[in-house]
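Chain by chain, the residues:
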Amino acid sequence: ELKVEQNPLFLSMQEGKNYTIYCNYSTTSDRLYWYRQDPGKSLESLFVLLSNGAVKQEGRLMASLDTKARLSTLHITAAVHDLSATYFCAVVNFGNEKLTFGTGTRLTIIP
Amino acid sequence: EPEVTQTPSHQVTQMGQEVILRCVPISNHLYFYWYRQILGQKVEFLVSFYNNEISEKSEIFDDQFSVERPDGSNFTLKIRSTKLEDSAMYFCASTTDRNNEQFFGPGTRLTVL
């Protein structure tokens, strides 16, 4: 059974600092997604990572995938307050279609 | 831009009552999903649906749950006899192909009293 773990679960950081969220998964996968969720809201797709070594960047967020280590990272550069949200990674198994979500990382950026 | 819509946004019901949550997927999408998120927890897969039948379901999706595409546009999730532990946010998602990104609706918050 595919398991997806994220750490940290909670992250409080000051504006302007850099930090990384980690997503580990237990079996081989052919796709990994990062989502953002604001309180009480739906899931906003941030990145889709399809292959080993994939790196994608949008603004202050950068995601990477290492399929050999079964690890994805979401790096935040020079955080700003409006990045405060919960971030989820989600993994799809080969031959499957359902998303298996990680535990989520609740990020709070302190001014 | 096309989007997945869900109604109602919030549903309050008494334990033991039936509820139907409605979703309108993006019009050219063929694969449909329901997920749920208990407050403060991660998102969990419930069921996938294609070509008018369930293609996969999780352990959560027991005999109390059913899905239907009654009219070619709506996609519904029915819970026959709600329990307190069914209280959660329910998200519908759709996609053009099982290998493509799923697009999520805004969710229905179900509160069972």
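**Describing the overall build of chain A**
Scanning chain A from terminus to terminus reveals zero helices and eleven strands. Across chain A, helices and strands are ordered from the amino to the carboxyl terminus as β-β-β-β-β-β-β-β-β-β-β. For 111 residues, the compact-globule formula gives about 13 Å, and the C-alpha radius of gyration of chain A, at 13 Å, lands near that figure. The C-alpha extent of chain A, read off along each of the three principal axes, is 45 × 30 × 20 Å.

**Some details on the interface of chain A and chain B**
Contact with chain A, which involves 19 residues of that partner, is made by 22 residues of chain B. For the pair chain A and chain B, the two sides together bury roughly 1700 Å², of which 47% comes from carbon and sulfur. Scanning the region where chain A abuts chain B turns up two salt bridges. Note that Lys98(A) and Glu56(B) form a salt bridge whose closest N and O atoms lie 3.6 Å from each other. Counting the contacts that link chain A with chain B gives nine residue pairs in polar contact (both at pLDDT 80 or more). At the level of elements, strand S4 (29-37) and strand S5 (43-49) of chain A are the ones that each hand at least two residues to the side of chain A that touches chain B. Sort the elements by how many residues they give to the side of chain A that touches chain B and S4(A) lands first, with four residues. Residue composition of the side of chain A that touches chain B, by class: seven nonpolar, eight polar and four charged.

**Some remarks on the state of the cysteines**
Residues and elements named next belong to chain B. As enumerated under the stated definition, the model contains two disulfides over all chains in all. The partner cysteine of cysteine 23 in its disulfide is cysteine 92, sulfur to sulfur 1.9 Å. Across the disulfide from cysteine 23 to cysteine 92, rotation about the S-S bond amounts to roughly -60°, and the bridge is consequently left-handed. Of this pair, cysteine 23 sits in strand S3 (residues 19-24) while cysteine 92 sits in strand S9 (residues 88-95); the two residues are 69 residues apart in sequence, bridging distant segments of the chain. According to the relative accessible area criterion, cysteine 23 is buried, its value standing at 0%.

So, how was this worked out
Residue numbers here run from 1 along each chain, matching the order of that chain's written sequence. Going through the entries in the order they are written, you letter the chains from A and number the ligands from 1. Predicted model: local features are reported for residues with pLDDT of at least 70 only, side-chain atom pairs are reported and counted for 80 or more only, and whole-chain, interface and lining totals are derived from all residues. Hydrogens and water are ignored here; the side-chain numbers use all heavy atoms of the structure. Helix numbers and strand numbers start at the N terminus; a helix is a DSSP run of H or I with at least 4 residues, a strand a run of E with at least 2. Throughout, radius of gyration means the C-alpha value; the globule benchmark is 2.2 Å times the number of residues raised to the power 0.38. Should any heavy atoms of two residues lie within 4.5 Å, those residues are counted as being in contact. Once two parts are put together, the accessible area they lose, assessed with a 1.4 Å probe and summed over both, is termed the buried area. We define a salt bridge as a side-chain nitrogen of Lys or Arg found within 4 Å of a carboxyl oxygen belonging to Asp or Glu. Any N or O atom pair separated by 3.5 Å or less is treated as a polar contact, with the protein-specific requirement of one donor-capable and one acceptor-capable atom, and with residues adjacent in sequence counted only for side-chain atom pairs. Just so you know the grouping, Ala, Val, Leu, Ile, Met, Phe, Trp, Tyr, Cys and Pro go in nonpolar, Asp, Glu, Lys and Arg go in charged, and all remaining residues, Gly too, go in polar. We call a pair of cysteine sulfur atoms a disulfide when they lie within 2.5 Å. Between buried and exposed lies partly exposed: a residue is buried under 20% and exposed over 50% of the maximum accessible area for its type, with that area taken using a 1.4 Å probe on protein chains only.

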